[in-house]
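Geometric and topological summary
Letter by letter, the chains look like this.
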Amino acid sequence: MTDKGTVSSTTKNNITFIEFHHPKGNSLPGTLLKRITEAIIKAGKGKNSAVIVLQSCGQGAFCAGASFDEMLEINDFEESKHFFMGFAHVINAMRTCPKFIITRVQGKAVGGGVGIAAASDYIFAHPSASVRLSEISMGIGPFVVGPAVRRKIGISAFSALALDARNEYSAEWALEKGLYSKIVNSREELNEAVRRLAEEVASSNSEAMKELKQILWQGTGHWDATLEQRAEISGRLALSEFTKESIKEFKNMSS
């Protein structure tokens, strides 16, 4: 295990489990984003994979969002855009994957973690799985994840989440707004619920599942260009003195 984190992918009984881990709250540096994207694309093409389960390691946070350590090291626009394109690539890989993606959210999701959850096709969540879009408070904004989150919860709820950037919204709120599909009370039951649905989907007609996924994601064909434009906005703002100082202040408060 390194500070850059890990991504594992295993396939059993036509179910591919993709699990990511980072010691800092399952946050996502560029290397992890790239490996998650690659794992999703590979599973989408795999003949032995009928459904994907996306999850993070441990009992704590599902995903703390972008790696602040990496963001502080970036001082060039192209490099900054490239970092945010990492989230765009993950979201687009999930969107275009011909297999359904079931995501297990065992703890809080922040920033990019909310975006990854929103790009899932079905989400099982633990009651502790609060959500927060913290980007505005850092001087950036939830630009890259915005299309995925808005698609799931609508403009009103997305606006509330984006503007109220310092507060966490409960898992029950996320369920009510349509981000989460179901809340499961214990982590043992959470794992069982994920396994049960994954097995049901894996045993279904693969062609029917593929057609259904395409229908559910209709109207998102422009996202490749849209998310790149959003990554450019985030990349530019992330270089500002406001954002750099905000991240340093947040890191000091957390340490």
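In this report, we go over the structure that sits alongside the text.

What counts and how
- Residues numbered from 1 in each chain as written.
- Predicted model: local features only at pLDDT ≥ 70, side-chain atom pairs only at ≥ 80, totals over all residues.
- Heavy atoms only, no water.
- Disulfide = S-S within 2.5 Å.
- Buried < 20%, exposed > 50% of the residue type's maximum accessible area, 1.4 Å probe, protein only.
- Patch = residues over 30% accessible without salt bridge, like charges linked within 9 Å, V, L, I, M, F, W, Y side chains within 5 Å.
- Areas by Shrake-Rupley, 256 points an atom, 1.4 Å probe, with all protein chains shown as cover.
- Salt bridge = Lys/Arg side-chain N within 4 Å of Asp/Glu carboxyl O.
- Helix = DSSP H or I, 4+ residues; strand = E, 2+ residues; numbered from the N terminus.
- Phe/Tyr/Trp six-rings, centres within 6.5 Å; stacked < 30°, edge-to-face > 60°.
- Lys NZ or Arg CZ within 6 Å of the ring centre and 35° of its normal.
- Pairing = 2+ DSSP bridges.

1. Digging into the state of the cysteines
The final tally for this structure, using the stated rule, is 0 disulfides. In this structure Cys97 is not part of a disulfide, and its nearest cysteine sulfur, from Cys63, lies 19 Å away. With a relative accessible area of 4%, Cys97 lands in the buried category.

2. Some details on a nonpolar patch on the surface
There is a patch of nonpolar side chains on the surface, built from Leu212, Ile215 and Leu216 and spanning about 260 Å² of accessible area. The residue Leu212 is located in helix 8 (residues 206-216) in this model.

3. Re the packing of aromatic side chains
Taken as a whole, this structure holds 7 aromatic pairs when the rule is applied. Through a chain of ring-to-ring contacts, the aromatic side chains of Phe83, Phe84 and Phe87 assemble into a single cluster. Taking NZ or CZ as reference, Arg151 lies 3.6 Å from the ring centre of Trp217, over its face.

4. Let's talk about the sheet that holds strand 3 (residues 51-56)
The strand order across the open sheet built from 6 strands is 1-2-3-4-6-8, with neighbouring strands paired in mixed fashion. Every other strand in the sheet has two partners, leaving strand 1 (6-12) and strand 8 (182-183) as the edge strands with one partner each. The pairing of strand 4 (residues 100-105) with strand 6 (residues 122-125) spans 4 bridges and is parallel. When the bridges of strand 6 are listed, Arg104 appears paired with Phe124.

5. Quick look at the pattern of salt bridges
All chains considered together, the criterion is met by 12 salt bridges. For Glu192, the salt bridge is made with Arg196, and the minimal N-O distance between the two is 3.5 Å. Of this pair, Glu192 and Arg196 both sit in helix 7 (residues 187-202), 4 residues apart, roughly one helical turn. Take Glu192: its relative accessible area is 29%, and that puts it in the partly exposed class. Arg196 sits in the partly exposed class, given a relative accessible area of 42%. Its salt-bridge partner being Arg195, residue Glu199 comes within 2.7 Å of it at the nearest N-O pair.

6. Let's talk about unusual backbone geometry
One non-glycine residue, Asn14, lies in the positive phi region at around 70 degrees. Mapping Asn14 onto the fold places it in the loop between strand 1 and strand 2 (15-21). Classification of Asn14 as partly exposed rests on a relative accessible area of 38%. At Asn26, a residue that is not glycine, the phi angle is positive and equals roughly 55 degrees. On the secondary structure map, Asn26 appears in the loop between strand 2 and helix 1 (30-45). Since its relative accessible area comes to 3%, Asn26 is described here as buried.

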